[in-house]
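An overview of the molecular structure
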Amino acid sequence: MKRTLPRLSALIPYAWLLVFFALPFLLVLRLSLSDSALAIPPYTPRIDWGGGIDGVRAFIDALDFDTYKALVGDSLYFNAYISSLRFALEGTVLALLVGYPMAYGMARCKPGTRSLLLMAVILPFWTSFLIRVYAWVGILKPQGLLNAGLGLLGLPDADLLYTPAAVQIGLVYSYLPFMVLPLYAALEKQDHTLLEAAADLGSPPWKSFWQVTFPLSIPGVIAGCLLCFIPMVGEFVIPDLLGGPGSLMIGRSIWMEFFANRDWPFASAVAIVLLITLVVPIVLYQRQQVKALEAGR
Amino acid sequence: MRRGPSPFNLVSMTVGFAFLYLPILLLVIWSFNASKLVTVWGGFSTKWYGTLFQNDQLMAAAWVTIRVGLISATLATVLGTLAAVALTRHGAFRGRTLFSGMSYAPLVMPEVIMGLSLLLLFVALGIDRGILTVTLAHTTLTMAYVTVVVQSRLATFDRSLEEAAQDLGATPTRAFWQVTLPNILPAVLAGWMLAFTLSLDDLVIASFTSGPGSTTLPMRIYSQVRLGVSPEINAVCTLLIGAVTIGVICWSIGMKWRERTATPA
């Protein structure tokens, strides 16, 4: 009793994750090696359990890399893949440029103000992602608020909706809290006596920043960048609502293949390629997460 | 870092927070616009809220979403808390790396991939897509968030309290219920709230795993948004934002009150 119960309590979430998280990936991998077919579900081959070991062998023989060959040969997917990486990279850098001064300013406020500002960064995260992206449609559309504002200032209209610029704005806007929070956490716990010491030794503030504050905040920078970059690459809602046909992103391609073309094997192959791309950043992120969470153990 | 923000810091914070809040604020204002046009202010009106409650499709979707959210958040809280306890308490065990990997991966996994993979699982298992499948999918997505929130609380929890209870003759299970759980309860509740809002919010995974009759509110909003901005959707969004804001404010007041009444050790 003393040992089995804790074991059992670990076993339940473990089993759940194996069935609902790990197993499905194997299914995606398997399906990406299948062919699409006009059937329900729309792919072939399917395992013939009645045929025993021969049925399974026939199933394995029928798997091939055709979808991947088609994928490599299709410049549309290659472009979507490259542009997803570019969007995510630019979005991450922009979020860092906007988020760092914010987090830095927050860390320098009084403790009471700090917790209020922290709350203000977290609050948008609790409100619907879809709604926040949708709010930008009303701002960026041709008769929207941005152009009304520009018109008041006597400036020419900017037609941003359904352009790559709109997607970029949406990405930075949506993921900014993910950048600010780890940066703030890293900056807030810094010892201010280090800066005083640097000043005593004759260092001007900007030099102290680059030689003391910034290097110490690097773990926060890395965490923030990973938290932004990884989901941005696979983003679907933002390019779909704010981007035009020119703003291809890989998450949107998977969605289109699946819902519009009903080509499940192809969608799976695209998903596997996306996953392989993200394995390195995801593992980096996890190691960092484990280090942070288990530090107090 | 105690010198107070410089003018540059103040400007960047103002710009940053304006960037975060302006779109939401504008959305709320437009929902009270009598005119159907976004740029024309036709006077204050609550008529879009009236039409909203007569929209049966929207109401049905809202009901599905709430049911899925309540059940999946509760399941995710139980599973996520168990996972967090296992990860903090059970040192090294076989398959630990895989377990911790699976526990955190859903936090960053692109939703499109999770949606697709879960759908394939349900097809392979022969489960008809509907409210059940959306609930199972949301549980899997949100338990990772619960795990992280609870684990960060467990990491700071003084384990000797639990050991003391066991020395006094409590079984590990009883020590958990009577000592550990009351201590980590705020984190467990925060995890539940986070799981619930994430479930209310999810479009992508729900789209993959739902079937006829289990259209969720975000799916309904999405299909209307694709047709353009509509004041009725602005009104739904405002109600959702209002509900979440009130929830978060109540939560923080509750936490403050708890801190104040807690007896200092």
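Residues numbered from 1 in each chain as written. Chains lettered and ligands numbered in written order. Predicted model: local features only at pLDDT ≥ 70, side-chain atom pairs only at ≥ 80, totals over all residues. Heavy atoms only, no water.

Right, let's talk about the overall build of chain B for a bit. The number of helices and strands found in chain B is eleven helices and zero strands. Going from N to C terminus, chain B has its helices and strands arranged as α-α-α-α-α-α-α-α-α-α-α. Its C-alpha atoms give chain B principal-axis dimensions of about 70 × 60 × 35 Å. Out of the 265 residues belonging to chain B, those deemed buried represent 54%. Contacts in chain B between residues at least 24 apart in sequence constitute 70% of all its contacts with a sequence separation of at least 6. Separation between the mean location of the 17 positive side-chain charges and that of the 11 negative ones in chain B comes to 5 Å. (Helix = DSSP H or I, 4+ residues; strand = E, 2+ residues; numbered from the N terminus. Buried < 20%, exposed > 50% of the residue type's maximum accessible area, 1.4 Å probe, protein only. Contact = heavy atoms within 4.5 Å. Lys, Arg positive; Asp, Glu negative; His and termini not counted. Charge placed at Lys NZ, Arg CZ, Asp CG, Glu CD.)

Further remarks concern the pattern of salt bridges. Residue and element names in this part refer to chain A. Under the defined criterion, the tally for this structure stands at three salt bridges over all chains. The salt bridge involving R114 is made with E188; its shortest N-O contact spans 3.1 Å. Of this pair, R114 sits in helix 5 (residues 111-126) while E188 sits in helix 8 (residues 164-188), placing them 74 residues apart in sequence. Where R252 meets D240, a salt bridge forms, and the shortest distance between an N and an O atom there is 3.3 Å. Of the two residues, R252 is situated in helix 13 (residues 250-260) and D240 in helix 12 (residues 237-242); the sequence distance between them amounts to twelve residues. Accessibility classification places R252 together with D240 in one group, the buried group. (Salt bridge = Lys/Arg side-chain N within 4 Å of Asp/Glu carboxyl O.)

Bringing the nonpolar core into the picture now. Within the largest apolar cluster, 164 residues are counted, with the highest numbers of intra-cluster contacts made by A:V237, B:F17 and B:M109. In contact with B:M109, not counting residues within four places along its chain, are A:F21, A:F25, A:L275, A:I282 and B:M114. (Core = buried A, V, L, I, M, F, W, Y, C linked by side-chain atoms within 4.5 Å.)

Residues and elements named next belong to chain A. The domain boundaries assigned to chain A delineate domain 1 (25-64) and domain 2 (82-293). Each partner contributes to the interface: domain 1 provides eleven residues, whereas domain 2 provides nine residues. In this assembly, domain 1 packs against domain 2 so that about 770 Å² is buried in total across both faces, 81% of it on carbon and sulfur atoms. On the domain 1 side of the interface with domain 2, the three residues burying the most area are L31, S32 and P42, jointly 48% of the side's total. Summed over the shared surface of domain 1 and domain 2, the result is zero salt bridges. Linking domain 1 with domain 2 are zero residue pairs in polar contact (both at pLDDT 80 or more). Elements that contribute at least two residues to the side of domain 1 that touches domain 2 include exactly helix 1 (4-32) and strand 1 (35-36). (Domains from an automatic or database assignment. Buried area = accessible area lost by both parts, 1.4 Å probe. Polar contact = N/O pair within 3.5 Å; in protein donor to acceptor, adjacent residues only side chain to side chain.)

This part takes up the packing of helix 4 (residues 75-107) of chain A against helix 11 (residues 218-233) of chain A. Residue and element names in this part refer to chain A. Relative orientation of the contacting elements helix 4 and helix 11 amounts to 145°, with a least axis distance of 9 Å. For the crossing formed where helix 4 meets helix 11, the hand is right-handed. Taking contact as the criterion, the partners of S84, L85, A88, L89, G91, T92, A95, L96 and Y100 in helix 4 are, on helix 11, V221, C225, C228, F229, M232 and V233. Along the lines of polarity and charge, the residues of the contact of helix 4 with helix 11 split into twelve nonpolar, three polar and no charged. (Axes fitted to C-alpha atoms, helices over the stretch in contact; angles between N-to-C directions. Left-handed = near helix turned anticlockwise from the far one by under 90°. Nonpolar A, V, L, I, M, F, W, Y, C, P; charged D, E, K, R; others polar.)

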